[in-house]
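Each chain, written out:
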Amino acid sequence: MITELLILGAAGIFAGILAGFLGIGGGTVLVPLLVALKYAPVQAVATSGLSIVITAISGSIQNWRMGYLSLSQVAGIGFPAVITAQIGAYLAGIFPPYLLLLTFGLLLWLNIFLIELRTRLTANQKAEVEEEELGGEAGQEENAQLAITNTSASLSTITLRTSYQLPNNSNILFNPTFAKIATGSAAGLLAGLFGVGGGVIMVPLQILLLGESIKTAIQTSLGVIVITAISATAGHAARGNVVWVVGLILGAGGLLGAQVSTRFLPKLPDRIVSLAFRSLLAILSIYVFWQAWQKFSNG
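No experiment lies behind these values; they were computed from the predicted model shown. (Residues numbered from 1 in each chain as written. Predicted model: local features only at pLDDT ≥ 70, side-chain atom pairs only at ≥ 80, totals over all residues. Heavy atoms only, no water.)

Asker: How should I be thinking about the environment of Gly-12 in this particular structure?
Answerer: Along the chain, the position of Gly-12 falls in helix α1 (residues 2-22). Taking relative accessible area as the criterion, Gly-12 reaches 1% and is therefore assigned buried. If we skip the residues at most four places from it in the chain, Gly-12 touches Leu-250, Gly-253 and Gly-254. (Helix = DSSP H or I, 4+ residues; strand = E, 2+ residues; numbered from the N terminus. Buried < 20%, exposed > 50% of the residue type's maximum accessible area, 1.4 Å probe, protein only. Contact = heavy atoms within 4.5 Å.)

Written as C-alpha cells, this is what we have:
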C-alpha cells in the first residue's frame, strides 16, 4: 500500500510537470499507469480526470499571474467542451476496454501527424516571407532615386515583417470562431472518453487551425483543461467511476509539478518543446497499444 502511494505521488508530480511544459492535463501518463495498477479502464479514465482538475487549476493560476493566459481565448474554446465532455463520459462506459485503449493510441499518433504538419506549413510560410522581403529590398536598391517607389517598397516590407511576427490566426483556410468551437468540442469529447484533459488534441488543433505558436497553444490549452476536466469528472462521478482518494493523491502531486514547469516553459525554445511533446506521444502510444492487446487477448 505504501509503495502504491509513493508511485501515485511521484506520478502526480511528473504529470504536473508535463501539464506545465506541454499543455496536457497528464491523463496521457496517468491513465496507462492506473491501468497498470489494475484499475479498470473506466476507473482510470475517471480518476485521472479528478487529478487533472487540480493540476490544471494550479498551472493556469500560475500562467495567469505571469501574464501568459488569455481568458477570452480559454472561454471561446472551453465552453463548447462542457457539453461534449458529458457525451464522452457516457461513451466511456459503453466501449469495451480494449477498444477504448486502441482508440486512445490511434489518437496519439494522429496528434504527432498534426503537429508535424503545422511545423512544415509554418516553415514554408517563413521561407516565402523571407524570399519576398529579399525581393523587396532588391527593388528598393535599384530604384533608390524614386521616392514614391522607395515608400511603396518600404511599406510592403513592413507589412510582410508584421505578418511574420504575428502568426496568430495566420491560417486563413479556417474561420477563427469555427476553429475554436471545433477545438473545444474535440477536447471535451476526449476528456470524457479517455480521461485526458484534451491537451493532446487542443495543442495541435490550435497550432493547425488558429495559427498559434506552440507555447501560446500550451498555455491556453492548460486553461481550457480546467473547464473540460471539471465537466468530465462531474459526469464520471455521477456514474460512480471516480476513485476519490487516488485522484486526490495524484492531484496533489500534479499541483506541485505544475508550479515548477509553468515557470520554466517561457524560457525553452519552441523546437525543444515540440520535439518533447511528439516524443512523449510516440512513447505512450506504444504502451497503450500493448495494453489494448493484453485486454483483447484476455477477453
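Next comes the rest of the write-up.
Asker: What's the story with the side chain of Ser-51 in this structure? I'm lost.
Answerer: Counting through the fold element by element, Ser-51 comes out in helix α3 (residues 41-65). Separated by 3.4 Å, the side chain of Ser-51 and the backbone nitrogen of Gly-251 make a polar contact. With residues near it in sequence (within four places) discarded, Ser-51 still touches Leu-30, Gly-247, Leu-250 and Gly-251. (Polar contact = N/O pair within 3.5 Å; in protein donor to acceptor, adjacent residues only side chain to side chain.)

Asker: Honestly, unusual backbone geometry in this entry has me stumped. Any pointers?
Answerer: Excluding glycine, most residues fall at negative phi; most peptide bonds, likewise, are trans. In this structure, Lys-38 takes a positive phi of about 80 degrees despite not being glycine. With respect to the element layout, Lys-38 can be found in the loop between α2 (27-36) and α3. Taking the relative accessible area as the measure of exposure, Lys-38 reaches 74% and is therefore exposed.

Asker: I would appreciate a short explanation of the side chain of Thr-84 in the present structure.
Answerer: In this structure, Thr-84 sits in helix α4 (residues 71-92). Taking relative accessible area as the criterion, Thr-84 reaches 14% and is therefore assigned buried. Within the structure, the side chain of Thr-84 is placed 2.9 Å from the backbone oxygen of Ser-185, a separation counted as a polar contact. Setting aside residues up to four positions removed in sequence, Thr-84 forms contacts with Gly-184, Ser-185, Gly-188 and Leu-189.

Asker: I would appreciate a short explanation of a negative patch on the surface in the present structure.
Answerer: Residues Glu-128, Glu-130, Glu-131 and Glu-132 make up a contiguous surface patch of negative charge. Looking at where Glu-130 falls in the secondary structure, it is placed in helix α5 (residues 97-142). Looking at Glu-130, the relative accessible area reads 39%, which means it is partly exposed. (Patch = residues over 30% accessible without salt bridge, like charges linked within 9 Å, V, L, I, M, F, W, Y side chains within 5 Å. Areas by Shrake-Rupley, 256 points an atom, 1.4 Å probe, with all protein chains shown as cover. Salt bridge = Lys/Arg side-chain N within 4 Å of Asp/Glu carboxyl O. Lys, Arg positive; Asp, Glu negative; His and termini not counted. Charge placed at Lys NZ, Arg CZ, Asp CG, Glu CD.)

Asker: For this particular structure, what's the right way to read empty space enclosed by the protein?
Answerer: Where empty space is left can be seen by rolling a probe of water-molecule size over the atoms. Applying the stated criterion across every chain yields a total of one cavity of 30 Å³ or more. Taken as a whole, the largest cavity encloses approximately 50 Å³ of empty space. Around the largest cavity, the lining residues are Val-31, Val-35, Pro-41, Val-45, Leu-100, Leu-101, Phe-104 and Phe-194. Counting residues per element, the ones that place at least two in the lining of the largest cavity are α2, α3 and α5. (1 Å grid on protein atoms, 1.4 Å probe; cavity = no way out; pocket = protein on both sides within 12 Å on 5 of 7 lines; lining within 4 Å. Points joined across faces, edges and corners; volume = space filled by probe spheres on them.)

Asker: Please explain a nonpolar patch on the surface as it appears in this structure.
Answerer: Taken together, Tyr-98, Leu-99, Leu-102, Leu-106, Trp-293 and Phe-296 make up a surface patch of nonpolar side chains, about 580 Å² in accessible area. Counting residues per element, the ones that place at least two in the nonpolar patch are α5 and α11 (270-297). The element that contributes the greatest number of residues to the nonpolar patch is α5, accounting for four residues. On the secondary structure map, Leu-99 appears in helix α5. Overall, the relative accessible area of 31% leaves Leu-99 in the partly exposed class.

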